[in-house]
Amino acid sequence: MADLYQLFTKDYRNVLEPLEFFIHARRAEAKRIIRRHGGVVVDTKAAAEIIVANPDNRTFGVLTTKYALAGNKKTVESLESIEEWVKNEHVVYACVKRRRTGGRKPGT
């Protein structure tokens, strides 16, 4: 079994450094999970690598689009994604899915 306390780390020049999270919807459960598994909760989105937000809230889509279009290395994840990472002992970032908002389908 992998060392759960080091799950949220990155290898920087052969030194493990903690991943930095910003919790958009201040949730004690998210903070506990992140800290327990080696991550750090920061106070600003600018300092974070991963933003944890509620996917049922409109803000989630706005944040996802903002960072995907900017080409930033930041990612927006749900608490459920973070829990899956812990369960699977592996960090897998969510892919940004863009919806077509109307018009004809290509090729028709």
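The structure contained in this document is the topic of the report that follows. Just so it is clear, the model here is predicted, and its values are computed rather than measured.

Cut-offs and rules
Residues numbered from 1 in each chain as written. Predicted model: local features only at pLDDT ≥ 70, side-chain atom pairs only at ≥ 80, totals over all residues. Heavy atoms only, no water. Helix = DSSP H or I, 4+ residues; strand = E, 2+ residues; numbered from the N terminus. Buried < 20%, exposed > 50% of the residue type's maximum accessible area, 1.4 Å probe, protein only. Areas by Shrake-Rupley, 256 points an atom, 1.4 Å probe, with all protein chains shown as cover. Axes fitted to C-alpha atoms, helices over the stretch in contact; angles between N-to-C directions. Parallel < 35°, antiparallel > 145°, perpendicular 65-115°, else oblique. Left-handed = near helix turned anticlockwise from the far one by under 90°. Contact = heavy atoms within 4.5 Å. Nonpolar A, V, L, I, M, F, W, Y, C, P; charged D, E, K, R; others polar. Phe/Tyr/Trp six-rings, centres within 6.5 Å; stacked < 30°, edge-to-face > 60°.

### A short note on the overall build of the protein
Looking only at helices and strands, the protein features 3 helices and 6 strands. Secondary structure elements of the protein, listed N to C terminal, follow the sequence β-β-β-α-β-β-α-β-α. Looking at the protein as a whole, 31% of its 108 residues are labelled buried. Accessible area for the protein stands at about 7800 Å²; split by element, carbon and sulfur atoms hold 50% of it.

### Some points on the environment of Lys31
Take Lys31: it is sitting in helix α1 (residues 28–36). Given a relative accessible area of 25%, Lys31 falls into the partly exposed group.

### Examining the packing of α1 against helix α3 (residues 79–88)
It is the contact of α1 with α3, at a shortest axis distance of 11 Å, that shows an interaxial angle of 30°. If you check the angle between α1 and α3, you find them roughly parallel. Taken as a pair, α1 and α3 cross one another with a handedness that is left-handed. On α3, the residues touching Glu29, Ala30 and Ile33 of α1 are Leu79, Ile82, Glu83 and Val86. Residue classes in the contact of α1 with α3 are distributed as 5 nonpolar, no polar and 2 charged.

### Some points on the packing of aromatic side chains
Taken as a whole, this structure holds 2 aromatic pairs when the rule is applied. On the basis of an interplanar angle of 65° and a centroid distance of 5.1 Å, the ring pair of Phe8 and Phe21 is categorised as edge-to-face. In this pair, Phe8 is assigned in the segment before β1 (9–12) and Phe21 in strand β3 (residues 20–23), connecting sequence segments 13 residues apart. Across the pair, exposure class does not vary: Phe8 and Phe21 are buried alike. Ring centres of Phe8 and Trp85 lie 6.1 Å apart, and the angle between their planes is 65°; on these two criteria the pair is classed as edge-to-face. Here Phe8, found in the segment before β1, pairs with Trp85, found in helix α3; they are 77 residues apart in sequence, far enough to count as distant.

Purely spatial values, then, with no claim about function.
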